[in-house]
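Listed here are the chains, written in short residue letters.
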Protein chains: 2
Amino acid sequence: MNESVSDENFLDCPFASVQKVVRGKWSMVILYFLSQRVLRFGELNRKMPMVTQAYLTKELRLLEEYGLVNRKVYPQVPPKVEYSLTPLGEKFLPVLKALENFAVDCQDYQA
Amino acid sequence: MNESVSDENFLDCPFASVQKVVRGKWSMVILYFLSQRVLRFGELNRKMPMVTQAYLTKELRLLEEYGLVNRKVYPQVPPKVEYSLTPLGEKFLPVLKALENFAVDCQDYQA
DNA sequence: CGGCATCCAATTGGATACTG
DNA sequence: CAGTATCCAATTGGATGCCG
């Protein structure tokens, strides 16, 4: 069900391969905030108070695994962890921009 | 695009309002095929054999509800139903294009 | 042909409490 | 401060069968 996308009737569908990035409920918002600047875990969480810290951790781990987010741990007490976009993460920004434009279009249509 | 999402108006966040479109596992693939041409239900299903018809129906209904897809029923026997993009659906295409580009970037990074 | 209804499995999202 | 660990609720995805 996972990697066997060699269905000949199917495509070399690029969407299937990247959709996982966009599926997490808050992943795009995370990427948006990190595109503005490097953020510590607590800072990011405060910008997204509707997300529990446990879930924020999970999504950050996923984005890290996908190679879009970098996690830098400072060996201190108390701990300090900074999150930032990787070069690949930066390459996702045009998608965010396109989605932003689309959101505007949506509002126009509702008016 | 900078200050439109300040630290507190996360609810105005355009991504949150639009993410539902992109969450369905196959919604982007559906939109991609429909961007190529108008398709009957069966045609679309044959292009996506990994999706059961019941689920394809569900996603199409959602995309219709979101205003991206138009469903045209021909009152015939046997039934004929054609799906196409609405004007709003067309406006989603830049997002698909951006995602496509990103998919290419992903592959570059894996190499 | 293009559904719908039903039921079920899997995945996701989230609350809460505890920790180095 | 930035997490784990656990448990649970909600949502999603999917199989199967019937219908006009």
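Up top is the structure these notes are about.
It should be emphasised that the depicted structure is a prediction, and the values quoted were computed from it without experimental measurement. (Residues numbered from 1 in each chain as written. Chains lettered and ligands numbered in written order. Predicted model: local features only at pLDDT ≥ 70, side-chain atom pairs only at ≥ 80, totals over all residues. Heavy atoms only, no water.)

J.: Looking at this structure, how should I read the environment of A:Val69?
T.: Residues and elements named next belong to chain A. Examined against the element boundaries, valine 69 turns out to sit in strand β2 (residues 69-74). Judged by relative accessible area, valine 69 falls into the buried class, the value being 3%. As a C-alpha pair, valine 69 and threonine 86 span 17 residues in sequence and 5.2 Å in three-dimensional space. Discounting chain neighbours no more than four positions away, the residues touching valine 69 are Leu31, Leu34, Leu60, Leu63, Glu64, Tyr83, Ser84, Leu85 and Thr86. (Helix = DSSP H or I, 4+ residues; strand = E, 2+ residues; numbered from the N terminus. Buried < 20%, exposed > 50% of the residue type's maximum accessible area, 1.4 Å probe, protein only. Contact = heavy atoms within 4.5 Å.)

J.: Would you mind going over the packing of aromatic side chains with me for this structure?
T.: Centre-to-centre distance and the angle between the planes together describe a pair of aromatic rings. For the structure shown, the criterion picks out eight aromatic pairs over all chains. With a centroid separation of 6.4 Å and an interplanar angle of 50°, the aromatic rings of A:Phe41 and A:Tyr83 are classed as tilted. You can see A:Phe41 sitting in helix α3 (residues 41-47) and its partner A:Tyr83 sitting in strand β3 (residues 80-85), a full 42 residues away along the chain. Looking at A:Tyr83, the relative accessible area reads 3%, which means it is buried. Here A:Phe92 and B:Phe102 contribute two aromatic rings whose centre-to-centre distance is 4.9 Å and whose plane-to-plane angle is 80°, an arrangement assigned as edge-to-face. (Phe/Tyr/Trp six-rings, centres within 6.5 Å; stacked < 30°, edge-to-face > 60°.)

J.: Hey, could you run me through the interface of chain A and chain B in this one?
T.: As a measure of interface size, the accessible area lost when the parts come together is often cited. Each side of the interface is counted separately: chain A has 42 residues, and chain B has 43 residues. Both sides together, the interface formed by chain A and chain B hides about 3900 Å², and carbon and sulfur atoms give 76% of it. Counting every contact that joins chain A to chain B gives zero salt bridges. There are six residue pairs in polar contact (both at pLDDT 80 or more) connecting chain A and chain B. Sort the elements by how many residues they give to the side of chain A that touches chain B and helix α6 (residues 93-110) of chain A lands first, with twelve residues. (Buried area = accessible area lost by both parts, 1.4 Å probe. Salt bridge = Lys/Arg side-chain N within 4 Å of Asp/Glu carboxyl O. Polar contact = N/O pair within 3.5 Å; in protein donor to acceptor, adjacent residues only side chain to side chain.)

J.: Where do I start with the protein's contact with DNA strand C in this structure?
T.: Inspection of the region around DNA strand C gives 23 residues, with A:Thr52, A:Tyr55, B:Gly42, B:Arg71 and B:Tyr83 positioned closest. Between DNA strand C and B:Gly42 there is a distance of 2.8 Å, counted from a phosphate oxygen to a backbone nitrogen or oxygen. Those elements that provide at least two residues to the surface near DNA strand C are α4 (53-65) of chain A together with α3 (41-47), α4 (53-65) and β3 (80-85) of chain B. (Near = heavy atom within 4 Å.)

J.: Explain the side chain of B:Ser27 to me, please; I cannot follow it from the model alone.
T.: Residue and element names in this part refer to chain B. Positionally, serine 27 belongs in helix α2 (residues 27-36). From its side chain, serine 27 meets the backbone oxygen of glycine 24 in a polar contact 3.0 Å long. Here serine 27 is in contact with Val21, Val22, Glu59 and Leu63, once residues within four sequence places are set aside.

J.: What is the right way to read the environment of B:Leu62 from this model?
T.: Note on placement: B:Leu62 falls in helix α4. Overall, B:Leu62 belongs to the partly exposed group, its relative accessible area being 37%.

J.: Would you mind going over the nonpolar core with me for this structure?
T.: Grouped burial of nonpolar side chains is what soluble globular proteins tend to show. Ranked by size, the top nonpolar core spans 67 residues in total, and within it A:Phe92 and B:Phe92 carry the most contacts. Once residues lying within four places of it in the same chain are set aside, the contact partners of B:Phe92 are A:Leu99, A:Phe102, B:Val21, B:Val22, B:Leu31 and B:Leu68. (Core = buried A, V, L, I, M, F, W, Y, C linked by side-chain atoms within 4.5 Å.)

Coordinates in, geometry out; function isn't part of it.
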